Amino acid sequence: MKIAIGCDHVGFALKGRVIEHLLEKGYEVEDFGTNSTERTDYPIYGKAVAKAVAGGECEKGIVICGTGVGISLAANKVKGIRAVVCSEPYSALLSRQHNDTNVLAFGARVVGEDLALMIVDAWLSGVYEGGRHARRVQMLADIENEQ
Ligand code: RB5
């Protein structure tokens, strides 16, 4: 599975650790930046990762900023994206099983490295259950299509 990853300057160090972890686990990774701690703007990277996922270039995306909030908001502006910001593994797992999230966000100022990796693992292990959830996920797409 190919995973798109991106961050702003606050998430840069944690992104490096997440990439290492993903490669160790056998995932392919495409890094959309940023590539340093020089101050930049989270919408650039949220959008780039989201476009790669929505366009099918990558199957899932992971985005990191200070809180995970700004970069998840940016990702969620791209049609077809269901981005979740998580600070614990339970919501990450359930967001896959029930909401079919395709982008995971977290905050480098919120979670430490070990917790971030637990969140990533929980999220990647989750399989969308469909069934009763499918109608609700479709309702999310319907909202997008009304715009
Ligand atoms: C940057 O200072 C900070 O605003 C950003 O990383 C993020 O937390 C925004 O949601």
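Definitions and limits used
Every chain's residues receive numbers from 1 upward, in the order its sequence appears when written. For this predicted model, a pLDDT threshold of at least 70 governs which residues receive local features, and a threshold of 80 or more governs which side-chain atom pairs are given and counted, while totals over whole chains, interfaces and linings are taken from all residues. Processing note: side-chain calculations cover all non-hydrogen atoms of the structure and skip hydrogens and water entirely. The definition of a nonpolar core used throughout is a set of buried Ala, Val, Leu, Ile, Met, Phe, Trp, Tyr and Cys residues joined through side-chain atoms within 4.5 Å. Burial classification: accessible surface area is computed with a 1.4 Å probe over protein chains only, and a residue below 20% of its type maximum counts as buried, one above 50% as exposed, and the rest as partly exposed. Here a strand is any run of E in DSSP of at least two residues, a helix any run of H or I of at least four, and the numbering for each starts at the N terminus. Lys and Arg are tallied as positive, Asp and Glu as negative. Neither His nor the chain termini are counted. Salt bridges are defined by distance alone: a side-chain nitrogen of Lys or Arg within 4 Å of a carboxyl oxygen of Asp or Glu. Whenever a nitrogen or oxygen atom comes within 3.5 Å of another N or O atom, the pair is scored as a polar contact, on the condition that within protein one atom can donate a hydrogen and the other can accept it, and that pairs from neighbouring residues in sequence are kept only if both atoms are in side chains. We call a pair of cysteine sulfur atoms a disulfide whenever their separation is within 2.5 Å. Helix axes are fitted only over the stretch in contact, all axes being lines through C-alpha atoms; the angle between N-to-C directions runs from 0 to 180 degrees. To sort the angles, those under 35 degrees are grouped as roughly parallel, those over 145 as roughly antiparallel, those from 65 to 115 as roughly perpendicular, and the leftovers as oblique. We call two residues in contact when some of their heavy atoms are within 4.5 Å. The nonpolar class holds Ala, Val, Leu, Ile, Met, Phe, Trp, Tyr, Cys and Pro. Asp, Glu, Lys and Arg form the charged class, and all remaining residues, Gly among them, are polar.

J.: Would you mind showing me how to read the nonpolar core here?
T.: Burial of nonpolar side chains together is a common tendency in soluble globular proteins. Counting residues in hydrophobic clusters, the biggest one holds 21 residues, and the most contacted among them are Val18, Ile62, Leu104, Phe106 and Val120. At the level of secondary structure, the elements contributing two or more residues to this core comprise strand E1 (2-7), helix H1 (12-24), strand E3 (60-65), strand E5 (103-107) and helix H5 (113-125). A total of six residues in this core trace back to one element, the largest contributor, which is H5. Core analysis: the next-biggest nonpolar cluster, separate from the first, contains 16 residues, Ala50, Val53, Ile81 and Ala105 among them.

J.: What's the story with the side chain of aspartate 8 in this structure? I'm lost.
T.: Inspection of the secondary structure puts aspartate 8 in the loop between E1 and H1. Although aspartate 8 is buried, it forms no salt bridge, and the closest oppositely charged side chain is arginine 109 at an N-O distance of 6.8 Å. A polar atom in the side chain of aspartate 8 sits 3.0 Å from the backbone nitrogen of valine 10.

J.: Help me understand the state of the cysteines, please; the structure alone is not making it clear to me.
T.: Two cysteines whose sulfur atoms are joined by a covalent bond form what is called a disulfide. Across all of its chains, the model carries zero disulfides by this definition. Left without a disulfide partner, cysteine 7 is nearest to the cysteine sulfur of cysteine 65, which lies 9.5 Å away. A residue is classified by how much of its surface remains accessible, and cysteine 7, at 0% relative accessible area, is buried. Cysteine cysteine 86 shares no disulfide, and the gap to the nearest cysteine sulfur, in cysteine 65, comes to 13 Å.

J.: Mind showing me how you'd approach the packing of helix H4 (residues 89-99) against helix H6 (residues 132-146) here?
T.: When two helices pack together, their arrangement is given by the angle between the helix axes and the distance between those axes. It is at 9 Å that the axes of H4 and H6 come closest, and there the two elements cross at 90°. Of the possible angle classes, the one that applies to H4 and H6 is roughly perpendicular. Residue-level inspection shows Gln97, His98 and Asn99 of H4 in contact with H6, the latter providing Arg132, His133 and Val137. The residue inventory of the contact of H4 with H6, partitioned by class, reads one nonpolar, four polar and one charged.

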